[in-house]
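Each chain, written out:
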Amino acid sequence: MTGVPASAAGGPGAPGTRGAAGASSASGKGTSGTSGTSGTGATGTQGSKTPRGAKLSAAAVNQASLWNVANLLTMLRLVLVPGFVALMLADGGYDPVWRAWAWAAFAVAMITDVFDGHLARTYNLVTDFGKIADPIADKAIMGAALICLSSLGDLPWWVTGVILGRELGITLLRFVVIRYGVIPASRGGKIKTLTQGVAVGMYVLALTGPLATLRFWVMAAAVALTVVTGLDYVRQAIVLRRQGLADRKAAAEEAEA
C-alpha cells in the first residue's frame, strides 16, 4: 500500500509478512529508505512549525487565566478595603448601623481570604498576580481595620503597631531568606490569623457589656499569638539560613575536590 522498495523494507524483496512489517515500520518511523526519508522530512517540517492559530489560542488561554475565580476573590478583597474604611468612619465612626455594615465588609474579606487560596491550590489556579496580590489584600484589610480602630480610640496604638510590625517584618524576612528556601506557613500562624480576624471583627462591632469584655481577651490572645509565632518564624529563618550556607559550603568543597 505504501510502495516501499525491498531495500527500505529491510527484506530481500520477496513479498510477505516480513516485508509488510518492514514497510510499515519504515513509513511510520522513517528510519531508512527513500520513503522513510521523505516521510521524516515532511513530518519533521510540519512538526517544527506551530500553526498561527495555535499560538493565538495559547495566548488567549494565558490571558484568560488571570481572570480565574481565585484572582477575582482577591480583587474583591482589594476593592472592599476602601469600602470598609468609608463604612467604618461614616457618621463620625460611632454609629452602630454603619459599624455593622463595616463588619459585614470585613467578614466577607476574611472569608474570601480562606477560599481564594484553597481554590488556587486545589484547581491549579495559582498565578503571578495572585502570589503578589493575595498577601497585599490580606494585610491591607487587616491594616485598615486596625488603623481605623486606633484612630477612633477603640484600640491602643501599640496593639496596632505590634500586629502590623510583625506582619511587615515577617514578610520582609521571607524575602531575605528566600535564596536559601521558603519558610512554610505554620499551624500556629494560621491560628494567629483566625484569632486576629475574630478579635478585630469584634472590635469593629459596637459591642457592650460582657461581649466587650470578651473581645478584650480575644484580642489579648491574638497579640500573644502574633508575638510568639513571629519569634518562631525568626527562628526558622535563622535555621534555614544556616542550613543553606552549610549546603553551599559543602557543595563548594566537593567541587574543589
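A quick note: this is a predicted structure, and the numbers were derived from the prediction, not measured.

Participant: So what's going on with the packing of helix α8 (residues 157-176) against helix α10 (residues 210-256)? Residues and values would help.
Facilitator: At their nearest, the axes of α8 and α10 sit 10 Å apart, and the two run at 25° to each other. Considering the angle they form, α8 stands roughly parallel to α10. Handedness of the α8/α10 crossing: left-handed. Along the contact surface, α8 presents Trp 158, Val 159, Val 162, Ile 163, Arg 166, Ile 170, Leu 173 and Arg 174, while α10 presents Met 219, Val 223, Thr 226, Val 227, Thr 229, Gly 230, Tyr 233, Val 234 and Ala 237. Class assignment of the residues belonging to the contact of α8 with α10 gives a composition of twelve nonpolar, three polar and two charged.

Participant: Let's hear about the nonpolar core: which residues, and what values?
Facilitator: The biggest cluster of nonpolar side chains holds 31 residues, and the ones touching the most others in it are Phe 84, Met 88, Phe 106, Val 200 and Met 219. Top element by residues in this core is helix α7 (residues 128-151). It accounts for seven residues. Residues within four places of Met 219 in sequence aside, it is in contact with Leu 155, Val 159, Ile 163, Ala 199, Val 200 and Tyr 203. Counting six residues, the second largest nonpolar core, distinct from the first, contains Ile 170, Tyr 180, Ile 183 and Tyr 233.

Participant: So what's going on with the confidence of the model for the protein? Residues and values would help.
Facilitator: When pLDDT is averaged along the protein, the result is 77; 75% of the residues meet or exceed 70. Confidence over residues 1-64 falls short of pLDDT 50; this stretch has 25 contacts with residues more than four positions distant or in other chains.

Participant: Give a description of the side chain of Arg 215 that names residues and reports values.
Facilitator: Inspection of the secondary structure puts Arg 215 in helix α10. Buried and unpaired, Arg 215 has Asp 154 as its nearest opposite-charge partner, separated by 5.7 Å. Apart from the residues lying within four places of it in its own chain, the contact partners of Arg 215 are Met 202, Tyr 203, Leu 205 and Leu 207.

Participant: Could you give me a rundown of the pattern of salt bridges, with the residues and numbers involved?
Facilitator: Tallied over the full model, the rule gives seven salt bridges. Among the salt bridges present, the one from Asp 138 reaches Arg 77, with a minimum N-O distance of 2.4 Å. Taken together, the residues span a long stretch of sequence, with Asp 138 in helix α7 and Arg 77 in helix α5 (residues 69-89) at a distance of 61 residues. Assessed through its relative accessible area of 0%, Arg 77 is described here as buried. Notably, a salt bridge pairs Glu 167 with Lys 192, separated by 2.8 Å at the nearest N-O pair. A residue pair is termed long-range when its members are at least 10 positions apart, and Glu 167 in helix α8 and Lys 192 in helix α9 (residues 187-204) qualify at 25 residues. For the pair shown, Glu 167 and Lys 192 are each scored as buried. Here the residues in one salt-bridge network are Arg 77, Asp 113, Asp 134 and Asp 138, joined through shared partners.

Participant: Provide a residue-level description of the packing of α5 against helix α6 (residues 96-122), including the pertinent values.
Facilitator: One can describe the packing of α5 onto α6 by two numbers: an axis separation of 9 Å at closest approach and a directional angle of 160°. Taken together, the axes of α5 and α6 lie roughly antiparallel to each other. Considering how the two elements wind past one another, α5 and α6 form a crossing that is left-handed. Within the contact of α5 with α6, the residues separate by chemical class into 18 nonpolar, two polar and four charged.

Cut-offs used in this document
- Residues numbered from 1 in each chain as written.
- Predicted model: local features only at pLDDT ≥ 70, side-chain atom pairs only at ≥ 80, totals over all residues.
- Heavy atoms only, no water.
- Axes fitted to C-alpha atoms, helices over the stretch in contact; angles between N-to-C directions.
- Helix = DSSP H or I, 4+ residues; strand = E, 2+ residues; numbered from the N terminus.
- Parallel < 35°, antiparallel > 145°, perpendicular 65-115°, else oblique.
- Left-handed = near helix turned anticlockwise from the far one by under 90°.
- Contact = heavy atoms within 4.5 Å.
- Nonpolar A, V, L, I, M, F, W, Y, C, P; charged D, E, K, R; others polar.
- Core = buried A, V, L, I, M, F, W, Y, C linked by side-chain atoms within 4.5 Å.
- Buried < 20%, exposed > 50% of the residue type's maximum accessible area, 1.4 Å probe, protein only.
- pLDDT = per-residue confidence, 0-100.
- Lys, Arg positive; Asp, Glu negative; His and termini not counted.
- Salt bridge = Lys/Arg side-chain N within 4 Å of Asp/Glu carboxyl O.

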